[in-house]
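Given next are the chains, with one letter for each unit.
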Amino acid sequence: MRFSMHYVRLWLASLRYSIVRTMMFRFDFLLWTVVEFAWMAVNLLLIQVIYDHTESVAGWGKYEMLLLVGTSMLMQRLLMGFFWTNLFEIGRNVRTGQFDFYLTQPGQPLFLVSTRKLDPDGLANSLVAIGVIVYALRHLGLPITVGGAALYAALVSIGLVVHYSLLLLLASLTFWIVKTEGIEGSYFTIAEFSRLPRSAFKSLVTTVVFVYALPAVVVSNVPASALLGRLDWLHVAWLAGLALAWLALAVTVFHRGLRRYTSASS
Amino acid sequence: MSLFRKYGHVFAVGLQSALVYRWNFFIRGSFSLVHLCLIFILWGAAFSGVDQMGGFDVRQTLTYFIVVLALQFMVGAFNEDYQIGEEIRNGLINQFLLKPVNYFGYRLSLFASARLVSGLLVFVPLLAASPWFRDQLTFPALEPWRLSAGLAAMVLAAALQFTIAFCFGLLAFWFLEIQGFVILSYAIETCLGGSLFPLDLLPRGVFVVAQYLPFPYQMYFPAAILTGRIATPEEATRGLAIQAAWVVIAMIGARLLWAGGLRKHTAVGG
């Protein structure tokens, strides 16, 4: 018990540090909030334009699609808010040897590496994503219940584990390949698929690659289906298994990589 | 002649350094193909219930996206804004203030050589993937006016892309970090430039207004000429005139920013 309290305190200290930091760079906070908001607006505009010309995409109506895209945005914002900067900086820190800093701290390196900085702009925009989801629910005439919200939150959290694992896995490659600047590009390319409904994948190859091999599609579709009342518990089990498998893989690769780390200072 | 030799030399150096990074281009190109896959799935599903959107069928629309992909590597600015910002921050820019080399001309020569290399290399992944999308390709008859207007639009689009990126890079004279501005402009460009959806699918009124903005001329306009979304020579000529005007405006903007930035700039160290 004491042990876990230690980590809660560490996390709260990081949170405090991040908020103080944001207050120092207010213009930065504002600018990045606007930047993220603009990208979300771009995604919503795409939906608007497509549904101006057609009634349904792979059986999904406009507001159902909005629910899916809102879910995908929410997960991405949460990932940005809690983990992105930290994982993204692993590469740079390993290259410069600043990674030593984490190894000398009293705690699990993976925990320290993952939670040092929080991005309040990502968290602020997750509220916008929730707004989109509520707006879509209203239009669909679906009730918002406590139970439904709790289930949705749980599924989104599991999805977040998958996203986190994927990013950690990519970032951990830095222990082997020093120059890993394309990583964020590859993550975004994969994550984009989470805005597509599962039923849009028609050919065998794309289904196997994007639905089964890479987790992006399942991760957003399961929570969105839960909101729409089409939840299949088999899919929930599949999602949970996926999260466990990816997390185990990512943590293993991270620790393998850690063993290779030889610092870089002179 | 000496002017040509001077920047010709920069161009040659740029070619060499672009070839060093050929793997980067190749990886970028491969990711673009994955993105193209997403576009095919999304728009394929959107077209499943309708025959046409905005007067074009699914093949014409997918062809548009393939052309946009190729154009991004041929005329698009990748990270020129970021590089220019870095050169200002690191003080690398100082040497240009002492030498008889125009910084805009220098960067433009590098841009031209880099796009020549990436514009050719993008055809490697495209050709490799062509068996999957060959059936979707459909082009209008390539009349002489369409070909020449398309080429002119590509050259002007490259000039516009570069000059706008140059302007964003110059913001580093005023701001420590320009990455936020760059990603913000990229969002606007993605959307109003036509790489997210063909702009003619926008509601009529919005589309008419958008045609007077610079963004459609960065990407949509040349792609629309080459894929037949612009149907007549008159439309193309009118577009080219607006496009040329925006290039001039962007260049004036770049000049003003450069002059203003230098007044603010302090070169330190030696």
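Further up the page is the structure itself.
Turning next to the overall build of chain B. When you go through chain B residue by residue, the secondary structure sums to 12 helices and zero strands. Taken from the N to the C terminus, the helices and strands of chain B come in the order α-α-α-α-α-α-α-α-α-α-α-α. Rg of the C-alpha trace for chain B: 20 Å, near the compact-globule value of 18 Å for 270 residues, within the 12% margin. Oriented by its inertia axes, the alpha-carbon framework of chain B measures out at about 65 × 40 × 40 Å. In the structure as shown, chain B presents an accessible area of about 13100 Å², 68% of it carried by carbon and sulfur atoms. A gap of 11 Å separates the mean positions of the 17 positive and 13 negative side-chain charges of chain B.

All names here are of chain A. A contiguous nonpolar patch, built from Leu204, Val205, Val208, Val209, Tyr212 and Trp238 and spanning about 590 Å² of accessible area, is present on the exposed surface. Counting residues per element, the nonpolar patch draws most heavily on helix H9 (residues 204-213), which supplies five residues. Mapped onto the elements of the fold, Trp238 is located in helix H11 (residues 233-260).

As a further point, take helix H10 (residues 216-227) of chain A. In terms of burial, H10(A) is largely enclosed, as 12 of its 12 residues are buried. A positive backbone phi angle near 75 degrees is found at Gly229(A), which sits one or two residues after H10(A).

The next point concerns the environment of Leu160(B). Along the chain, the position of Leu160(B) falls in helix H8 (residues 144-170). Separated by 157 residues in sequence, Leu160(B) and Leu3(B) have C-alpha atoms that sit 22 Å apart.

Bringing the packing of helix H3 (residues 58-75) of chain B against helix H6 (residues 103-121) of chain B into the picture now. All names here are of chain B. Interaxial distance between H3 and H6 falls to 6 Å at its minimum, and their mutual angle equals 145 degrees. Of the residues in H6, those in contact with Phe73, Met74 and Val75 of H3 are Phe111, Arg115, Ser118 and Gly119. A class-by-class count of the residues in the contact of H3 with H6 yields four nonpolar, two polar and one charged.

To continue, consider the interface of chain A and chain B. Counting residues at the interface gives 29 residues for chain A and 29 residues for chain B. Taken over both partners, the interface formed by chain A and chain B buries close to 2700 Å², and the fraction arising from carbon and sulfur atoms is 82%. Here chain A is connected to chain B by zero salt bridges. Here chain A and chain B share four residue pairs in polar contact (both at pLDDT 80 or more) between them. Those elements that place two or more of their residues in the side of chain A that touches chain B are helix H2 (26-53), helix H8 (183-191) and H9 of chain A. Looking at the side of chain A that touches chain B element by element, the count peaks at 15 residues for H2(A). Counted by class, the side of chain A that touches chain B contains 20 nonpolar, six polar and three charged residues.

Next up on the list: the packing of aromatic side chains. Overall, the coordinates contain 40 aromatic pairs over all chains when judged by the stated rule. Centroid distance Phe175(B) to Phe181(B): 4.8 Å. Interplanar angle 50 degrees. Geometry classified as tilted. Taking relative accessible area as the criterion, Phe175(B) reaches 31% and is therefore assigned partly exposed. An aromatic cluster is present here, built from Phe96(B), Tyr103(B), Phe104(B), Tyr106(B), Phe111(B), Phe162(B), Phe166(B), Phe173(B), Trp174(B) and Trp258(B) joined pairwise through their rings. For the cation-ring pair, Arg116(A) lies above Tyr17(A), with the distance from its terminal atom to the ring centre recorded as 5.3 Å. Over the face of the ring belonging to Trp60(A) we find Arg230(A), whose NZ or CZ atom lies 5.2 Å from the ring centre.

Rules behind the numbers
Residues numbered from 1 in each chain as written. Chains lettered and ligands numbered in written order. Predicted model: local features only at pLDDT ≥ 70, side-chain atom pairs only at ≥ 80, totals over all residues. Heavy atoms only, no water. Helix = DSSP H or I, 4+ residues; strand = E, 2+ residues; numbered from the N terminus. Rg over C-alpha atoms; globule rule 2.2 N^0.38 Å. Areas by Shrake-Rupley, 256 points an atom, 1.4 Å probe, with all protein chains shown as cover. Lys, Arg positive; Asp, Glu negative; His and termini not counted. Charge placed at Lys NZ, Arg CZ, Asp CG, Glu CD. Patch = residues over 30% accessible without salt bridge, like charges linked within 9 Å, V, L, I, M, F, W, Y side chains within 5 Å. Salt bridge = Lys/Arg side-chain N within 4 Å of Asp/Glu carboxyl O. Buried < 20%, exposed > 50% of the residue type's maximum accessible area, 1.4 Å probe, protein only. Axes fitted to C-alpha atoms, helices over the stretch in contact; angles between N-to-C directions. Contact = heavy atoms within 4.5 Å. Nonpolar A, V, L, I, M, F, W, Y, C, P; charged D, E, K, R; others polar. Buried area = accessible area lost by both parts, 1.4 Å probe. Polar contact = N/O pair within 3.5 Å; in protein donor to acceptor, adjacent residues only side chain to side chain. Phe/Tyr/Trp six-rings, centres within 6.5 Å; stacked < 30°, edge-to-face > 60°. Lys NZ or Arg CZ within 6 Å of the ring centre and 35° of its normal.

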